Amino acid sequence: MLLGTMENPSSRAASRTNCAFFRCRQVTLAALAFCTILAPASFAQEAAAKEAGLRQIQSYIAAGWDTLTRSLNDCKVIVDPKLAAASVLYLPADFDAPADVQEMQKRCNVQVKHLPQVIHKLGEVDTSNLEPPGLLYLNNKYVVPGGRFNEMYGWDSYFIVRGLVEDKRIELARGMVENFFFEIEHYGAVLNANRTYYLTRSQPPFLTSMILSVYDAQKATGREDRAWLERAYGYATRDYGLWTREPHLAGTTGLSRYYDFGNGPAPESVKDETGHYRQVAAFFLGQKQDAWRDYVVPQKPDEEHVGPLFALQVCDSANTMAQGACDSAGAAALSADYYKGDRAMRESGYDVSFRFGPHGARTHHYAPVCLNSLLYKTEKDLEQMSGMLGRPTEAGEWRKRAEDRKQRIQKYLWDSERGLYFDYDFENGKRSDYEYVTAFFPLWAGIPTPEQARAVMQHLPTFEKPGGLVMSPHETGAQWDFPYAWAPDQLVADEGIRRYGFNAEADRVSYEFLSTVAENFRRDGTIREKYNAVTRSSETQVTAGYHMNIVGFGWTNGVFLALLHQLPETSVTRLANEQTTQPGSGR
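Keep in mind that this is a model prediction, so the values were computed, not measured.

Q: Account for the sheet that holds strand S4 (residues 135-136), naming residues and giving values.
A: As summarised here, the arrangement of the three strands in space is S3-S2-S4, forming an open sheet in which the pairing is parallel. Bordering the open sheet on either side are strand S3 (111-114) and S4, each of which pairs with just one other strand. Taken together, the four bridges between strand S2 (residues 88-91) and S3 define a ladder with parallel strand orientation. Directly across from leucine 91, in S3, lies its bridge partner histidine 114.

Q: Kindly report on unusual backbone geometry, identifying the contributing residues and their values.
A: Geometrically, the link from glutamate 131 to proline 132 is a cis peptide bond, its omega value of -5° lying close to zero. With respect to the helices and strands, proline 132 occurs in the loop between S3 and S4. For the peptide bond that leads from glutamate 246 to proline 247, omega is 5°, which places it in the cis range. Relative to the elements of secondary structure, proline 247 occurs in the loop between helix H6 (226-243) and helix H7 (267-272). Backbone geometry at lysine 168 places phi at a positive 65°, although glycine is not the residue there.

Q: How would you explain the pattern of salt bridges if you had to name every residue and give the values?
A: Scanning the model with the defined rule gives 37 salt bridges in all. The partner of lysine 82 in a salt bridge is aspartate 80, with the nearest N and O atoms 3.1 Å apart. A salt bridge links glutamate 578 to arginine 574; its shortest N-O distance comes to 3.6 Å. Highlighted residues: glutamate 578 and arginine 574, both in helix H19 (residues 569-578), separated by four residues, approximately one helical turn. Taking the relative accessible area as the measure of exposure, glutamate 578 reaches 8% and is therefore buried. Residue class for arginine 574 comes out partly exposed when judged on its relative accessible area of 42%. One continuous salt-bridge network, built from bridges that share partners, spans Asp80, Lys82, Glu151 and Arg195.

Q: Outline the environment of glycine 429, listing residues and values.
A: Along the chain, glycine 429 turns up in the loop between strand S12 (424-425) and strand S13 (430-431). Sequence-wise, glycine 429 and tyrosine 412 are 17 residues apart; in three dimensions their C-alpha atoms are separated by 9.1 Å.

Q: Break down the sheet that holds strand S6 (residues 296-299) for me, citing the residues and quoting the values.
A: Strand order in this open sheet of three strands is S6-S8-S7, and the pairing throughout is antiparallel. Strands at the two margins of the open sheet, each flanked by one partner only, are S6 and strand S7 (310-315). Sheet twist, expressed as the mean angle between neighbouring strand axes with direction ignored, is 45°. One ladder, built from four bridges, connects S6 with strand S8 (residues 326-334); its direction is antiparallel. Across the sheet, the residue bridging to valine 297 is alanine 333, located in S8.

Q: Please set out H6 residue by residue, giving values where relevant.
A: Between its first and last C-alpha atoms H6 spans 26 Å; for 18 residues at 1.5 Å apiece the expected length is 26 Å, and the two agree. Those residues of H6 not exposed but buried are Trp228, Leu229, Ala232, Tyr233, Tyr235, Ala236, Asp239, Tyr240, Gly241, Leu242 and Trp243. N-capping of H6 is provided by aspartate 225, with a side-chain oxygen placed 3.3 Å from the backbone N of alanine 227.

Q: Tell me about the state of the cysteines, and please be specific about residues and values.
A: Tallied over the full model, the rule gives two disulfides. Two residues share a disulfide in this structure: cysteine 75 and cysteine 108, whose sulfurs sit 2.1 Å from each other. Handedness of the cysteine 75-cysteine 108 disulfide follows from its S-S torsion of about -80°: it is left-handed. With cysteine 75 in the loop between strand S1 (69-70) and S2 and cysteine 108 in helix H2 (residues 99-108), this residue pair connects regions lying 33 residues apart in the sequence. Here cysteine 315 pairs with cysteine 326 through a disulfide, and the sulfurs are 1.9 Å apart.

Q: Go over the packing of aromatic side chains with me, naming the residues and quoting the values.
A: Centre distance and the angle of the planes are the two values used to describe a pair of aromatic rings. Taken as a whole and judged by the stated rule, the model has 45 aromatic pairs. Plain terms: the ring middles of tryptophan 486 and tryptophan 555 are 6.0 Å apart, the flat faces sit at 85° to each other, and that makes the pair edge-to-face. Of this pair, tryptophan 486 sits in strand S16 (residues 484-486) while tryptophan 555 sits in helix H18 (residues 554-566), and the two are 69 residues apart along the sequence.

Q: Describe in detail the side chain of arginine 522, supporting the description with residues and values.
A: Inspection of the secondary structure puts arginine 522 in helix H17 (residues 503-524). Within the local environment of arginine 522, its side chain forms a polar contact with the side chain of glutamine 579, the two groups lying 3.0 Å apart.

Q: Now, about the confidence of the model for the protein: what can you tell me, with residues and values included?
A: Per-residue pLDDT for the protein has a mean of 89; in total, 88% of the residues score no lower than 70. Taken as a whole, residues 1-39 scores under 50 in pLDDT and shows five contacts with residues more than four places along the chain or in a different chain.

Q: Now, about the packing of helix H5 (residues 207-220) against H6: what can you tell me, with residues and values included?
A: Packing of H5 against H6 leaves a shortest axis separation of 10 Å and a crossing angle of 175°. Regarding the angle of H5 to H6, the classification is roughly antiparallel. Residue-level inspection shows Leu207, Thr208, Ile211, Val214, Tyr215 and Gln218 of H5 in contact with H6, the latter providing Arg226, Trp228, Leu229, Ala232, Tyr235, Ala236 and Asp239. Looking at the contact of H5 with H6, its residues break down into nine nonpolar, two polar and two charged.

Q: Lay out the side chain of aspartate 342 in plain terms, naming residues and giving numbers.
A: Mapped onto the fold, aspartate 342 is located in helix H10 (residues 336-348). If sequence neighbours within four positions are ignored, aspartate 342 has contacts with Ala266, His276, Tyr277 and Gly360.

Q: Could you give an account of the nonpolar core, with specific residues and numbers?
A: Core analysis: the largest hydrophobic core is formed by 160 residues, its most contacted members being Ile211, Phe440 and Phe560. Among the elements that line this core, the one with the most residues is helix H4 (residues 170-187), at 10 residues. When sequence neighbours within four positions are dropped, the list of residues in contact with isoleucine 211 reads Val177, Phe181, Trp228, Leu229, Ala232, Ala236 and Met385.

Q: Go over the packing of H4 against H6, please, and point to the residues and values.
A: At a closest axis distance of 10 Å, the pairing of H4 and H6 adopts a crossing angle of 45°. Of the possible angle classes, the one that applies to H4 and H6 is oblique. Note that H4 runs across H6; the crossing there is left-handed. On H6, the residues touching Arg174, Val177, Glu178, Phe181, Ile184 and Glu185 of H4 are Trp228, Arg231, Ala232, Tyr235, Arg238 and Asp239. Here the residues of the contact of H4 with H6 sort into six nonpolar, no polar and six charged.

Procedures and definitions
Residues numbered from 1 in each chain as written. Predicted model: local features only at pLDDT ≥ 70, side-chain atom pairs only at ≥ 80, totals over all residues. Heavy atoms only, no water. Pairing = 2+ DSSP bridges. Helix = DSSP H or I, 4+ residues; strand = E, 2+ residues; numbered from the N terminus. Salt bridge = Lys/Arg side-chain N within 4 Å of Asp/Glu carboxyl O. Buried < 20%, exposed > 50% of the residue type's maximum accessible area, 1.4 Å probe, protein only. Axes fitted to C-alpha atoms, helices over the stretch in contact; angles between N-to-C directions. Expected span 1.5 Å × (residues − 1). Polar contact = N/O pair within 3.5 Å; in protein donor to acceptor, adjacent residues only side chain to side chain. Disulfide = S-S within 2.5 Å. Phe/Tyr/Trp six-rings, centres within 6.5 Å; stacked < 30°, edge-to-face > 60°. pLDDT = per-residue confidence, 0-100. Contact = heavy atoms within 4.5 Å. Parallel < 35°, antiparallel > 145°, perpendicular 65-115°, else oblique. Nonpolar A, V, L, I, M, F, W, Y, C, P; charged D, E, K, R; others polar. Core = buried A, V, L, I, M, F, W, Y, C linked by side-chain atoms within 4.5 Å. Left-handed = near helix turned anticlockwise from the far one by under 90°.

This is how it looks when you write it as structure tokens:
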């Protein structure tokens, strides 16, 4: 009607144009109406297909939390697959046996003992006197990695907590964090794991990261708990002190190192890694460098020595199947310093790699990239927590500590010529040249400048393989080297890469690892401890340390969920669609 009242000659042209517009608009509206009828069904089908594609592996993980959860209601909580010893549960020296422990003692026929003394800090107890070794009591349920690892581990638990939070199992995650508070209170620190033979060492410090994961998850559900955060802050501060005093200081660098208070062979290695130390001794004897041969010490049978004695023989080299003539060359033992390095390597979580010398022999002589990046992250977390708790003075002190560590990391660990972070040998005053995936830890913590981050990313091809990021480009026969990809380092590296804006690269390497895990799950219905990133399989040919690839597996389950949550929707859909194809077609 309005258009018909226009008298301007041009108005008729305008009228035709507007009529055409309305006809077009009617068609468009009709098309839109048609789309709105069909689109929900299409989207729903796509969503249903995506959900169905990932349902099986996500159901496996969800069920796994229950399968891997341990509590005093379950007799198998005490069992230690690593040691053939009687089942014993140890309580803190000043801790009365709770009713559930007394009930379990009767029902499971386990022995309950008290530790011989109150423990204030790590290393106060001579664990060699705790016979038989046993499980250390914790007051909440916890998730174990699986297989031979039937206890709650230090750094494993961070990646498990990440998965629990993603799966809305917040109370279980919080209980695990509170178990660490119990360890700090009664056993002196966050332990490698809650067994008596681990009372001499900790593990990479992820406690503040766990605390904030749980706190943020609680807050997201409308249950922010400042009182819990304050309590957590106190325990985290106490545990942080372990790493910033002797003997965990790395010489005069102002940085920290891994150090186990125990001496001699690690008990779990003697019992569960058949022939490992014999293989180590043989390796050192075969080296040209005198420095490595110093780790094997000639011994007389009646001389005091550390660890097992190895008989030496000199034999004629035979070219036939016949036995060559041999003469005794006495006996030898691995040196006390080797065992210190081996134990420190186990505190680092990387047992065994050649990153700190063959078989980790010199671990305790290095300021590591991973440890000091985690301590910087801890200091920044404590700055954040103290600020949230209304303690500006303490926040400022943590800020200064973090900045000081950052400067020292840049001074000692950053190689500007190679554009990569390396561990620092503080005894010899030089950086390592061993490329290792922990070079991405500083990115996760937020340490590098943008220019340094770009330089680190130039090394991504060194580590990236079809199945994700390998630990190193060095094939040594150790499980923490080439060609293996491990979930914890995959998550830290991917999140570090993403933090500096390299989203396409983070999406790609995350997808490579996720699709490898998913492809192997389609093949055998399990999730494993580690994967061969070259063959995209769970096959292993480890010759150093224990040789198994354990099913479970706590931290792989958690990392799968965390990485999946960060993937773009298109990549999640692609991954889901792959689950209906044959194994081997995932990349």
